[in-house]
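# Descriptive structure summary
Take a look at the letters that make up each chain.
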Amino acid sequence: MNWILLFEQFLNGFQLGILLFLLAAGLTLVFGIMDLINLAHGSLYMMGAYFMATFVGWTDSFMLAALLTLPACLLLGVVVEVVTLRRLYDRDHLDQVLATFGLILFFDEFVRLIWGPAGLDVPLPDFLETSFEILPGVPYPTYRLAIILTGLLIALFLYILVTKTRIGMRIRAGASNREMIGALGINIQMLFTLVFGLGAVLAGFAGLMAAPIFTVEIGMGANILILAFVVIVIGGIGSIRGAFIASLVVGIIDTIGRSFLPDLLDLFLDEVAASTAAPAISSMMTYILMAVILTFRPQGLFPPRGA
Amino acid sequence: MLEVKGMQKRFGGIVATDNVHIDVVKGEIHAIIGPNGAGKTTLINQLSGEMKSDTGTVLFDGSDITRESASSRSLLGLARSFQITSIFQDFTAEDNVALAVQAHDGHSFRFWKPARSDARLRQPARTALEKVGLAERADIVASNLSHGEQRQLEIAMALATQPKMLLLDEPMAGMGTLESGRMVDTLKSLKGDITILLIEHDMDAVFALADRITVLVYGRAIATGSPDEIRANEDVRQAYLGDDHA
Amino acid sequence: MTLSLRTIVPAAVLVLLGLVPVIAGAIDEPFYIDLFSRMLILAIGASSLNLLLGYGGMVSFGHAVYLGIGAYVVGIFSFHSVEDGIEWMASGYVQIPAALIASAVFGLIIGAISLRTRGVYFIMITLAFAQMVYFLGVGIEYYGADDGLTLYGRSEFGDWLDLNESSTLYYVCFVALLLTLFVSYKLINSRFGIAIRSIKSNERRTRAIGIPSYRYRLTCFVIAATICGFAGALLANRTDFVSPDMMHWTRSGDLIIMVVLGGMGTLFGPLLGTVGFLLVEEILSSYTEYWQLFFGPLLILIVIFGKGGIDGLIQALANLVERKPKAAAQSRDGA
């Protein structure tokens, strides 16, 4: 086995995990606090990527475009919350699924109308299009490394925000007792809008960081969204810590599985069978992992307290 | 009918029920009273099998059911009602009762024959509704019944399974005078046919209904006797009833 | 069941659907037969989902998978019957039972794991399993991967039933739909159906009165999967083609929309919902290529303001006409 390749793929998996975490964190916060299941979270990710592509075109600067994308995503998130989602907090999950499915249809079509059906590419700025010698003789793209580091910083920020700050306390209080927090004079509607906006920014941030690595295209949100669902189901819905750990596990298993499963299967099967089975099995692997975990822990690895 | 010997349940350092002996005679209405926190609900949970006891034995109709689960106790004929109304809100009254009958009539893997015209389910359901005075409300969706009627419906669901004995957990909770009067009438009409163990706060109802009363204080049964005996009992007056009730 | 608007409308829809080949022949537009046979097949799929969603309270977000499995069985059998010259694999008498068994087995496995979870977990895990089967389809190059498989021929039933004849296929689908509705009607009113509905109403209480919920929910899940697999087998015959796209998660979303649009937990709701959904799709897309731009928000409006779907609308209309008091409107009739 090629250890350098394995290490590189491990880092790639880690980086995918970080992107997943940015999405899953928003999803799990929104679910844990507002009891809202939001399928359109992937659309926010997609919109982040499209905003980025557009702003890079306008400004010709990666950093400037990123700085414009984030408030755009915040604004979009707030608008979506105020116009539609706010009406869904008290509904059952089926209604939420349907309405946010409607949002996906809208956003996908909207993107097709504005940006056209073809995918877009976002070029990397020169200073990030380098590689970094992460181990002697093992170069690794600087940009991917930057994603990992930024993601870790955001995870740390979220952890501190939720566990140590006043606003985090309010968020957690809102999660456990809506009436009480209302009685304390905290504007719960405002709080919910803020939390949703935060989720939108995280999703958009993931989208803008993903834009240079993946093609920016319609439907890019849905695929990663379902992976993010797997992540929060494995991690335990409502748990940031669970989302973080599960994101990394899923990202790494998915990436390493895709690149090493063919070789691994070669050990057990003949070459033809192995090359037929490998792509199918590797793309199913995350789901198999989820099935196994849920068989033993139906509430995920870190179930919410009181559940 | 039901014989409880030395039953005990601890939650950490708190003793919820302490060496309780109760002997319910066949056909009687036996009430358990006691101040809040006396362990009444714990006791009924232990009797119905939903909570495991630390020690003690339970004899039901001559056989030892100490180790039986809640569902098998229910199948043996020990039915219970809940303190919080727990019915199927979007079913009609009769469908609620018919479902209880169905649950006790073997498995429900019957895919073809219409259940709503199945006399094996409907007949006992109607009889049970009549017994609690809900016959005329049979086709009303449960959520449209009044609170009192919903409690009556629960009794009907318990009755429909033709139990030998009913465990009733505060059947008059949350009822107005009129409603609890009706419940007292219902329970009175069942007297003799069926053995009832009743936990209740409403003292007027208890003294009107019970053949015998057991007083539970801090998990201990401090006295058992007829309503008159209990009224006259010094310990009970001191520990529980207080002078205003005398 | 009294003769009310709620039965007249679906009956009229069924009669019209039954006449489609005649009308299409009369106006010389055979294209309509194709359009409406899709409607029939999807109505079967939606009806099967309704058993879970509407009666069992199980929000499965991966139901299109069984459409795909049923379709793939037909596709794969047809493939081998020609590629490997195994003649019996072309027979519909083999293909259809195989499609039913395969979808039942998948339903059993997916259901057994998913039903251990509740609420959102259940929604997401069914979605994820569907995605897994979808990727299985995408990953198997041998059967065309994401390009799918073109059928060499439709299921063979002998001379008396030639599915290549489009109106024959249409009537097969039509009878299949009637059969599905009849079976659903019997099921939901049987003891089993009552048990399933009691679980939806109050699961804890159901268990407390002595009905073990898991095995009934699982049985319901398998039945729904099997019926949907049947629809999938028909779908493969109708399109002469199978592909992973049939089980894409948005297809599962469409099925949910059909059920909710028509009226969950009502016998004819899924049929009405499928008709409504496909008509809206046809109409909107005839005006604009970007029809989903309008359908998305429409869906949101329906969710927020609509109650009880098309069935609920008919009910409200009927009440208006007959001036029934509102309390009576909350009929206990499950149909």
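Residues numbered from 1 in each chain as written. Chains lettered and ligands numbered in written order. Predicted model: local features only at pLDDT ≥ 70, side-chain atom pairs only at ≥ 80, totals over all residues.

### Examining the overall build of chain A
Here is the rule we go by: The way it works is that DSSP assigns letters per residue, a run of H or I at least four long becomes a helix, a run of E at least two long becomes a strand, and they are numbered from the N terminus. With the radius of gyration taken over C-alpha atoms, the globule rule is written as 2.2 Å times the number of residues to the power 0.38. In this scheme the burial state of a residue depends on its C-beta neighbours within 10 Å: 20 or more other such atoms mean buried, 12 or fewer mean exposed, and anything in between means partly exposed; the C-beta positions come from the backbone.
Assigned secondary structure in chain A consists of eleven helices and two strands. Along chain A, helices and strands appear, N-terminal first, in the series α-α-α-α-β-β-α-α-α-α-α-α-α. The C-alpha radius of gyration computed for chain A amounts to 20 Å, which stays within 12% of the reference 19 Å derived for 307 residues, consistent with globular compactness. Expressed as lengths along the three principal axes of its C-alpha atoms, the size of chain A is roughly 65 × 50 × 40 Å. Taken across its 307 residues, chain A has 49% of its residues classed as buried.

### Digging into the overall build of chain C
Defined as follows: Any residue pair is listed as a contact if its two C-beta atoms, each placed from the backbone, are within 7 Å.
Looking only at helices and strands, chain C has 14 helices and two strands in total. A globule of 335 residues ought to have a C-alpha radius of gyration of about 20 Å, and chain C, at 20 Å, matches this closely. For chain C, the spread of C-alpha atoms along the three principal axes comes to 65 × 50 × 40 Å. Excluding contacts between residues fewer than 6 apart, the proportion of contacts in chain C whose partners are at least 24 apart in sequence is 77%.

### Quick look at the sheet that holds strand S4 (residues 55-60) of chain B
All names here are of chain B. Cut-off, in case you're wondering: Here a strand pair is declared whenever DSSP counts at least two bridges between the two strands. Between the N-to-C directions of two axes lies an angle of 0 to 180 degrees, each axis being a line fitted to C-alpha atoms and, for a helix, fitted only over the stretch in contact.
The strand order S2-S1-S4-S5 describes an open sheet built from four strands, whose pairing is antiparallel. Every interior strand has two partners, whereas the edge strands, strand S2 (14-24) and strand S5 (63-64), have only one. Sheet analysis places strand S1 (residues 2-11) next to S2, joined by seven bridges and oriented antiparallel. Each bridged residue has a counterpart across the sheet, and for Glu3 the counterpart in S2 is Asp23. Against the sheet, helix H1 (residues 40-48) engages S1, S2 and S4, with an angle of about 60° to S2.

### Focus: the interface of chain C and chain B
Threshold: Residue polarity follows a fixed list, in which Ala, Val, Leu, Ile, Met, Phe, Trp, Tyr, Cys and Pro are nonpolar, Asp, Glu, Lys and Arg are charged, and the others, Gly among them, are polar.
Of the residues lining the interface, 19 residues belong to chain C; the matching set on chain B comes to 25 residues. Ranked by the residues each element gives to the side of chain C that touches chain B, the list is headed by helix H7 (residues 191-201) of chain C, at six residues. For the side of chain C that touches chain B, the residue count by class is eight nonpolar, seven polar and four charged.

### A look at the arrangement of the chains
Comparison of the two pairs of chains in contact shows the highest number of contacts for chains A and C. Nothing in chain A touches chain B; the tightest C-alpha to C-alpha distance between them is still 17 Å.

### Remarks on helix H6 (residues 166-189) of chain C
All names here are of chain C. We apply this condition: The span you would expect from a helix comes to 1.5 Å times its residue count less one.
With 24 residues, H6 should cover 34 Å at 1.5 Å per step; its first-to-last C-alpha distance of 35 Å lies within 8% of that length. Within the span of H6, buried status applies to Leu169, Tyr170, Val172, Cys173, Leu177, Thr180, Leu181, Ser184, Ile188 and Asn189. Elements in contact with the buried residues of H6: helix H1 (5-26), helix H2 (31-55), H7 and helix H9 (213-239).

### Digging into the interface of chain A and chain C
Tallying the contact residues gives 36 residues for chain A and 38 residues for chain C. Those elements that place two or more of their residues in the side of chain A that touches chain C are helix H4 (93-115), helix H9 (220-235) and helix H11 (271-296) of chain A. No other element matches H4 of chain A, which puts 16 residues into the side of chain A that touches chain C. In terms of residue class, the side of chain A that touches chain C is made up of 25 nonpolar, six polar and five charged.

### Looking at the sheet that holds strand S6 (residues 78-80) of chain B
Residues and elements named next belong to chain B. Strand order in the open sheet made by the six strands is S6-S7-S8-S3-S9-S10, with mixed pairing throughout. Taken across any chain shown, the strands that pair with only one partner, and hence form the sheet edges, are S6 and strand S10 (220-225). Across the sheet, the mean angle separating the axes of adjacent strands is 20° when strand polarity is ignored. Bridge analysis of strand S3 (residues 29-33) against strand S9 (residues 212-217) gives four bridges, and the strand direction is parallel. The residue of S9 that forms the bridge with His30 is Arg212.

### Side note on unusual backbone geometry
Not every positive phi belongs to a glycine, and Asp60 of chain A is a case in point at roughly 65°. One can find Asp60 of chain A in the loop between helix H2 (41-59) and helix H3 (62-83). Judged by the 11 C-beta atoms lying within 10 Å of it, Asp60 of chain A is exposed. Here Asn19 of chain B, not a glycine, exhibits a phi torsion of approximately 50°, which is positive. Secondary-structure assignment places Asn19 of chain B in strand S2.

### Here we look at the pairing of S10 of chain B
Direction of pairing for S9 of chain B relative to S10 of chain B: antiparallel, over a ladder of five bridges. Bridged to Val217 of chain B within S10 of chain B is Arg220 of chain B.

### Describing the confidence of the model for chain C
Residues and elements named next belong to chain C. What counts, and what does not: Values of pLDDT, which run from 0 to 100, indicate the predictor's confidence residue by residue.
Across chain C, the average pLDDT comes to 90, with 95% of residues at or above 70. Low pLDDT, under 50, characterises residues 326-335; the predicted model gives this stretch 14 contacts beyond four residues in sequence or across chains. Interface confidence for the predicted complex, given as ipTM, is 0.88, next to a pTM of 0.87.

### A word on the packing of H11 of chain A against helix H5 (residues 119-139) of chain C
The following threshold applies: Each angle receives one of four descriptions, namely roughly parallel if under 35 degrees, roughly antiparallel if over 145, roughly perpendicular if within 65 to 115, and oblique otherwise. What makes a crossing left-handed is the near helix being turned counterclockwise from the far one by less than a right angle; a clockwise turn instead makes it right-handed.
Packing of H11 of chain A against H5 of chain C leaves a shortest axis separation of 8 Å and a crossing angle of 160°. Between H11 of chain A and H5 of chain C, the crossing angle belongs to the class labelled roughly antiparallel. The two elements H11 of chain A and H5 of chain C cross, and the hand of that crossing is left-handed. Contacts between H11 of chain A and H5 of chain C involve Pro279, Ala280, Ser283, Met284, Tyr287, Met290 and Leu294 of chain A from the former and Ile125, Ala128, Phe129, Gln131, Met132, Phe135, Leu136, Val138 and Gly139 of chain C from the latter.

### Observations regarding the pairing of strand S2 (residues 138-141) of chain A
Residues and elements named next belong to chain A. Sheet analysis places strand S1 (residues 131-135) next to S2, joined by four bridges and oriented antiparallel. Paired with Phe132 across the two strands is Tyr140, which belongs to S2. Once S1 ends, the chain turns through two residues before running back antiparallel as S2, passing Gly137 with a positive phi of about 80°.

### Describing the environment of Val15 of chain C
In this structure, Val15 of chain C sits in helix H1. As a C-alpha pair, Val15 of chain C and Thr226 of chain C span 211 residues in sequence and 26 Å in three-dimensional space.

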